[in-house]
Amino acid sequence: MNSKNGHESEDEKGVDSGSNRKCPYCGLDTKGFRTTGRLGCPLDYDTFAAEIAPVFRSSQAASLHVGKWPKRGPSRFEALKLQFELRLAIERQDYETAAMIRDRMRDRTKPRES
Amino acid sequence: MTIDELTRSPGEWLKGSGPESDIVICSRIRLARNLADFPFISKASRSDKSDIVSQIRDALHESDSPLSYFDVEKLSDLDRQFLVERHLISRELKEGEGPRGVAFNADESASVMVNEEDHLRIQVMRSGLALTEAWEQIDELDNRFEEHLDYAFSQELGYLSACPTNVGTGIRVGVMLHLPALGQTEQLDKFFRALQKIYLSVRGLHGEGTQPYGDFYQISNQQTLGKSEQELIKNLTDVIPQLIEYERKARQTLLSEKRQVLHDQVSRAYGVLKTAHTISSEETMLLLSSVRMGINLGLIDDLDIAQVNELFINTQPAHLQKIHGQTLAVDERNVLRATYLRKKFQEFRGE
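Just so you know, these numbers come straight off a predicted model, no measurement behind them.

Enquirer: So what's going on with the nonpolar core? Residues and values would help.
Expert: In terms of nonpolar packing, the biggest core is built from 92 residues, with Phe145, Ile219 and Ile240 of chain B touching the most fellow members. Counting residues per element, this core draws most heavily on helix 7 (residues 229-275) of chain B, at 15 residues. Beyond its immediate sequence surroundings of up to four residues, Phe145 of chain B is in contact with Leu60, Ser63, Leu67, Val112, Leu120, Ile122 and Tyr151 of chain B. Counting residues in each nonpolar core, the second largest holds 19 residues, with Cys26 and Phe33 of chain A together with Phe40 and Leu157 of chain B among its members.

Structure, rendered in structure tokens:
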């Protein structure tokens, strides 16, 4: 989801690079997704973005949501994910990315434009 | 509310009322939702599934929901099949593993499957063509749950679902149509191909993976991301009236060009149902489909749609066994079904 920000290479996700990636949160790997077509957790939308893109192209109208929003805004899952990314960035001493993630965490707490 | 009590009525989807109900059996909308703090079902442990059930049951309780919860894991095979036949649970939930359930209201118009493909599958069914009303009801229900549950939702991708084909709105908007006259023409395939081009899919009576049977078809959206709920509903409400009109025209054409053949077909179907001594559920459905068209065309005048709908639902295998009060082998069921049909037709005639 955030690959467009350019600071999340596959290596940075802390899992195998190359074609068979594994989600650090639920353990689903590329092969597993290709076999079943089902994801294991919300974070997989990021981990397997490359595999999901063709599904969107063939079956979806666009790649951005334009419908209903939960009243409480994006879910805590977003916060969980950012915390997870922050921990990984600090672990590999990538302080520049860590600072960007902290900025994003701060942005999330601002009121959303309606 | 108990499951046995449901046998007393045909349920919302077969009520046979509502706009265009001679052709549109029912309108259905479902929303796929997942809780943010848990893996999706394929990676959820037994304890995750149990926690998901607890959170959703708490939300039902706290939102003063009129939906009663049933623990599908503890239900008998017969009760599970019974709920499938009433369109309250899917085959996937019936055959699933671990803690899972369904909650629904007394008139069966609203239901929530817990731990099916997604943590929640919220569904609203309305008799006839009533997608706007169905959307209003399900939107309100979703809002009420949302006050107590933290849904997995991303700004870019919307509601996150286990299958990427449901992500975004998580909505499936569908209508179930009875198209017996178009089914006899060669036009139906052409229409369905045209529908597929505008991202609408055609399925059988029990949804995904089932074949159309007895000229009953479900038409629903394929896209869920990149369009709003209202746009996706409109895609359907724009084309369904055309299909209804084509079916009406096909019925009139059949009546004017092949009245004798049609009358014969309908009367034979009616005759078999009234006199058979052993009959399968498949044959019953095909014949009832003919009889239903016969009533709508004025070829049968001593039976009404509500009565046909009652027979549709009650002759399905699990319903038949629930009414009879015991499980039966296929052969025994076929005899019982024929006996039940003969008895009901006598009742309808006031004998």
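Enquirer: I'd love a proper account of the sheet that holds strand 8 (residues 171-178) of chain B, names of residues and values included.
Expert: All names here are of chain B. Read from one edge of the open sheet, 8 strands run 2-3-4-5-1-8-10-9, paired in antiparallel fashion. In the strand order of this sheet, the two ends are held by strand 2 (68-71) and strand 9 (200-203), each with one partner. If you compare each strand with its neighbour and ignore which way they point, the axes differ by 20° on average. The pairing of strand 9 with strand 10 (residues 216-221) spans 4 bridges and is classified as antiparallel. Residue Ser201 lies in a different strand from strand 10, and its bridge partner there is Ser220. Against the sheet, helix 7 touches strand 1 (24-33), strand 8, strand 9 and strand 10, its axis set at about 10° to strand 8.

Enquirer: Just give me the short version of the pattern of salt bridges, but keep the residues and values in it.
Expert: For the structure on display, the rule yields 28 salt bridges over all chains. For Asp4 of chain B, the salt bridge is made with Lys322 of chain B, and the minimal N-O distance between the two is 2.5 Å. In this pair, Asp4 of chain B sits in the segment before strand 1 while Lys322 of chain B sits in helix 10 (residues 317-324), placing the two residues 318 residues apart along the sequence. Here Lys322 of chain B falls in the buried class, since its relative accessible area comes to 16%. Residues joined by salt bridges that share partners form a network here, namely Arg38 of chain A together with Glu92, Glu116, Glu117, Asp118 and Arg121 of chain B.

Enquirer: Describe in detail unusual backbone geometry, supporting the description with residues and values.
Expert: Residue and element names in this part refer to chain B. Residues other than glycine seldom take positive phi values, yet His87 does so here, at roughly 60°. Following the sequence through the fold, His87 ends up in the loop between helix 2 (77-85) and helix 3 (91-94). A relative accessible area of 11% places His87 in the buried class. For Asn115, which is not a glycine, the phi torsion comes out positive at approximately 65°. Looking at where Asn115 falls in the secondary structure, it is placed in the loop between strand 4 (110-114) and strand 5 (120-127). Judged by relative accessible area, which is 5%, Asn115 ranks as buried.

Enquirer: Give me the lowdown on the interface of chain B and chain A, citing residues and values where you can.
Expert: Of the residues lining the interface, 48 residues belong to chain B; the matching set on chain A comes to 40 residues. Taken together, both faces of the contact between chain B and chain A bury some 3,600 Å²; the carbon and sulfur share is 56%. On the chain B side of the interface with chain A, the three residues burying the most area are Phe153, Glu156 and Pro164 of chain B, jointly 19% of the side's total. Linking chain B with chain A are 4 salt bridges, by the criterion used here. Where Lys68 of chain A meets Asp142 of chain B, a salt bridge forms, and the shortest distance between an N and an O atom there is 2.6 Å. Between the two partners, chain B and chain A, sit 19 residue pairs in polar contact (both at pLDDT 80 or more). Residue assignment for the side of chain B that touches chain A shows that the elements contributing at least two residues are helix 4 (131-146), strand 6 (153-154), strand 7 (158-159) and helix 7 of chain B. For the side of chain B that touches chain A, the leading source of residues is helix 4 of chain B, giving 5 residues. Residue classes in the side of chain B that touches chain A are distributed as 18 nonpolar, 16 polar and 14 charged.

Rules and cut-offs
Residues numbered from 1 in each chain as written. Chains lettered and ligands numbered in written order. Predicted model: local features only at pLDDT ≥ 70, side-chain atom pairs only at ≥ 80, totals over all residues. Heavy atoms only, no water. Core = buried A, V, L, I, M, F, W, Y, C linked by side-chain atoms within 4.5 Å. Buried < 20%, exposed > 50% of the residue type's maximum accessible area, 1.4 Å probe, protein only. Helix = DSSP H or I, 4+ residues; strand = E, 2+ residues; numbered from the N terminus. Contact = heavy atoms within 4.5 Å. Pairing = 2+ DSSP bridges. Axes fitted to C-alpha atoms, helices over the stretch in contact; angles between N-to-C directions. Salt bridge = Lys/Arg side-chain N within 4 Å of Asp/Glu carboxyl O. Buried area = accessible area lost by both parts, 1.4 Å probe. Polar contact = N/O pair within 3.5 Å; in protein donor to acceptor, adjacent residues only side chain to side chain. Nonpolar A, V, L, I, M, F, W, Y, C, P; charged D, E, K, R; others polar.

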